[in-house]
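# Coordinates in review
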Amino acid sequence: MIKFLEYNWQVRDEWFDWCNQLTIKELLKDRNGGVGNILYTLFHIIDVEYSWIRGIQGKEDVVFQIDDYNTLEKVKSLSDKLRNEIVEFFKGNIDDLKEQSVSVPWDETKYTVNDILHHIIAHEIHHIGQLSVWSRELEIQPISSNFVGRELKSFHSY
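The structure presented is a predicted model; accordingly, all values stated were derived computationally and were not measured.

## Regarding the packing of helix α3 (residues 38–57) against helix α5 (residues 113–137)
- Two numbers describe how α3 lies on α5: the axes approach to 10 Å, and their chain directions differ by 175°. In this view, α3 runs roughly antiparallel relative to α5, as classed from their interaxial angle. Only Val113, Ile116, Leu117, His119, Ile120, His123, Glu124, His127, Ile128, Leu131 and Trp134 of α5 make contact with α3, whose side of the interface consists of Ile38, Thr41, Leu42, His44, Ile45, Val48, Glu49, Trp52, Ile53 and Ile56.
- Per-class residue counts for the contact of α3 with α5 are 14 nonpolar, 5 polar and 2 charged.

## Describing the side chain of arginine 54
- Structurally, arginine 54 is set in helix α3.
- Looking at arginine 54, its side chain comes within polar contact range of the main-chain oxygen of glutamate 60, at 2.6 Å.
- Not counting chain neighbours up to four residues away, the residues in contact with arginine 54 comprise Lys59, Glu60, Asp61, Val62 and Glu85.

## Digging into a nonpolar patch on the surface
- Taken together, the side chains of Phe4, Ile125, Phe147 and Val148 present a nonpolar region at the surface, about 350 Å² in accessible area.
- Of note, valine 148 is situated in the segment after α5.

## Looking at the pattern of salt bridges
- Evaluation of the coordinates by the stated rule reveals 10 salt bridges.
- The closest approach of N and O atoms between arginine 12 and glutamate 49, which form a salt bridge, is 3.1 Å. Within this pair, whereas arginine 12 is found in helix α1 (residues 2–19), its partner glutamate 49 is found in helix α3, the two being separated by 37 residues in sequence. The pair arginine 12 / glutamate 49 is uniform in exposure class, with both members buried.
- A salt bridge links arginine 31 to glutamate 26; the nearest nitrogen and oxygen atoms lie 2.6 Å apart.
- The class for arginine 31 is buried, based on a relative accessible area of 11%.
- Exposure remark for glutamate 26: the relative accessible area of 24% places this residue in the partly exposed category.
- Salt bridges sharing common partners tie together Asp13, Lys76, Asp80 and Arg83.

The rules behind each value
- Residues numbered from 1 in each chain as written.
- Predicted model: local features only at pLDDT ≥ 70, side-chain atom pairs only at ≥ 80, totals over all residues.
- Heavy atoms only, no water.
- Axes fitted to C-alpha atoms, helices over the stretch in contact; angles between N-to-C directions.
- Helix = DSSP H or I, 4+ residues; strand = E, 2+ residues; numbered from the N terminus.
- Parallel < 35°, antiparallel > 145°, perpendicular 65-115°, else oblique.
- Contact = heavy atoms within 4.5 Å.
- Nonpolar A, V, L, I, M, F, W, Y, C, P; charged D, E, K, R; others polar.
- Polar contact = N/O pair within 3.5 Å; in protein donor to acceptor, adjacent residues only side chain to side chain.
- Patch = residues over 30% accessible without salt bridge, like charges linked within 9 Å, V, L, I, M, F, W, Y side chains within 5 Å.
- Areas by Shrake-Rupley, 256 points an atom, 1.4 Å probe, with all protein chains shown as cover.
- Salt bridge = Lys/Arg side-chain N within 4 Å of Asp/Glu carboxyl O.
- Buried < 20%, exposed > 50% of the residue type's maximum accessible area, 1.4 Å probe, protein only.

Written as structure tokens, this is what we have:
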């Protein structure tokens, strides 16, 4: 499971680099599907990941506002900052928690940590697919979604 989180983070960073070729106008342009635009999609991925991880930790949710992160640099900085916090949590023994039941304030259902981790991974992959569609609409080569052939950075190297 950790390898897929590392994969998502690597692909996300590649999308941040890819976005550098776009103007802020293109990043904020309303698009069909997804959550509406490229910048908000990246912000949304980060926000959802962090909320669920805090839920696993039994911590209160932190609500971020997109208006506070209205540039690519600010969203990238948020991603890096929250990732560092998430990595510290995962450096503990996450395997011991996988079957633990978790409640979060935005959902009445209880989930296992394992199910939440799967959700976080699938959620990001879903939205990365949307970015790929928008990339092709812009006639720009999307970031590769291949898992094979990647040299993933280890959790312990963050």
